[in-house]
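Letter by letter, the chains look like this.
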Amino acid sequence: MARVFVYGTLKKGQPNYHRMLESANGKAEFLASACTTEKYPLVIAGHYNIPFLLNIPGQGHRVQGEIYKVDDKMLEFLDDFEEVPTMYQRVRVRLEVKEWVGETEGEERPAAGSFTEAFLYSTTTYQPDWPTLPRYESYDARGDHGLQYVARQERD
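These numbers were taken from a predicted model, which means no experiment stands behind them.

Conventions used here
All residue numbers refer to positions counted from 1 along the written sequence of the respective chain. Only residues with pLDDT of 70 or above have their local features reported here, since the model is predicted, and side-chain atom pairs are shown and tallied only from 80 upward, although totals for entire chains, interfaces and linings are computed over all residues. Excluded from the side-chain calculations are hydrogens and water; all other atoms, namely the structure's heavy atoms, are used. Note on conventions: DSSP H or I runs of at least 4 residues are helices, E runs of at least 2 residues are strands, and numbering of each starts at the N terminus. Radius of gyration means the value over C-alpha atoms here, while the globule rule gives 2.2 Å times the residue count to the 0.38 power. Per-residue accessibility, obtained with a 1.4 Å probe over protein chains only, is compared with the maximum for each type, and a residue is labelled buried under 20%, exposed over 50%, and partly exposed between these values. The contact criterion used is simple: two residues touch if any of their non-hydrogen atoms lie within 4.5 Å. Each accessible area is a Shrake-Rupley estimate made with a 1.4 Å probe; only the visible protein chains count as cover when residues are assessed. Lys and Arg are tallied as positive, Asp and Glu as negative. Neither His nor the chain termini are counted. By convention, the charge on Lys lies at NZ, on Arg at CZ, on Asp at CG and on Glu at CD. UniProt positions are given in the numbering used here, feature names are shortened, and annotations may be inferred rather than shown by experiment. For this analysis, a salt bridge means a side-chain nitrogen from Lys or Arg found within 4 Å of a carboxyl oxygen belonging to Asp or Glu. Note that patches include only residues with greater than 30% relative accessible area and no salt bridge, and the join distances are 9 Å for like charges and 5 Å for nonpolar side chains (Val, Leu, Ile, Met, Phe, Trp, Tyr).

**Details of the overall build of the chain**
Inference 1: A tally of regular secondary structure across the chain gives two helices and seven strands.
Inference 2: Ordered by position from the N terminus, the helices and strands of the chain form the series β-α-β-β-β-β-α-β-β.
Inference 3: Relative to the globule expectation of 15 Å for 156 residues, the C-alpha radius of gyration of the chain, 15 Å, shows essentially globular dimensions.
Inference 4: A principal-axis box enclosing the C-alpha atoms of the chain has dimensions of 45 × 35 × 30 Å.
Inference 5: Split into buried and exposed, the 156 residues of the chain put 47% on the buried side.
Inference 6: Contacts in the chain between residues far apart in sequence, at least 24 positions, make up 75% of those at least 6 positions apart.
Inference 7: For the chain, the exposed surface amounts to about 8100 Å²; the carbon and sulfur share of it is 47%.
Inference 8: The distance from the centre of the 18 positive side-chain charges to the centre of the 24 negative ones in the chain is 2 Å.

**What about the UniProt feature "active site" (unreviewed entry) in the chain?**
Inference 1: The UniProt feature table records "active site" (unreviewed entry) at Glu82.
Inference 2: Within the fold, Glu82 resides in the loop between helix 2 (72-81) and strand 6 (89-100).
Inference 3: Dropping the residues within four chain positions of it, Glu82 is found in contact with Leu10, Met87, Tyr88 and Tyr121.

**Quick notes on the pattern of salt bridges**
Inference 1: Counting across every chain of the model gives four salt bridges.
Inference 2: Of the charged contacts, one joins Glu29 and Lys69 as a salt bridge, the two residues approaching to 3.5 Å between their closest N and O atoms. Within this pair, whereas Glu29 is found in strand 2 (residues 28-40), its partner Lys69 is found in strand 5 (residues 61-70), the two being separated by 40 residues in sequence.
Inference 3: The residue Lys98 makes a salt bridge to Glu96 at a minimum N-O spacing of 4.0 Å.

**Brief notes about the environment of Gly60**
Inference 1: You can see Gly60 is positioned in the loop between strand 4 (50-53) and strand 5.
Inference 2: In this structure the C-alpha to C-alpha distance between Gly60 and Lys39, which are 21 residues apart in sequence, comes to 5.3 Å.
Inference 3: Not counting the four nearest positions on each side in its chain, Gly60 is found in contact with Lys39, Tyr40, Pro41 and Arg135.

**Remarks on the UniProt feature "domain: Gamma-glutamylcyclotransferase AIG2-like" (unreviewed entry) in the chain**
Inference 1: UniProt's feature table lists "domain: Gamma-glutamylcyclotransferase AIG2-like" (unreviewed entry) at residues 4-125, given in the numbering used throughout.
Inference 2: A distance of 21 Å separates the end C-alpha atoms of residues 4-125, which is 11% helix and 44% strand.

**Concerning a negative patch on the surface**
Inference 1: Taken together, the side chains of Asp72, Glu76, Asp80 and Glu83 make up a negatively charged region of the molecular surface.
Inference 2: Mapping Glu83 onto the fold places it in the loop between helix 2 and strand 6.

Here's what the structure looks like:
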């Protein structure tokens, strides 16, 4: 089992969260809320207003998100969904735990403020103006940014 940190449309309450629940995609279990220990620019970009975490460490904000434990089938699905390696790249990052609620399989439950690692999907392939876009600490498709996310099934 691997740990994956999601910060965008795959979080609870967001447009693609249902994909984390579909058993045909594999297994995913919510473990914790967390944030990156390093700052990254989280921007909303492109024609479809997609959240992108630009792999430019040290810029932006410590990004808020959720940690999931996923099986190999879900990890393969997520790699495909995130269009690895062309659109996103899966990288391991260090995270600060905000609240751990999941099972830990014989380990002590990590306390708030402790650190762990997980994969996240970031991109090094972006348009030249993306680093200058507004940066967010947390993504919400219905946020006050006024940028309507376009779901995949609605794209032309």
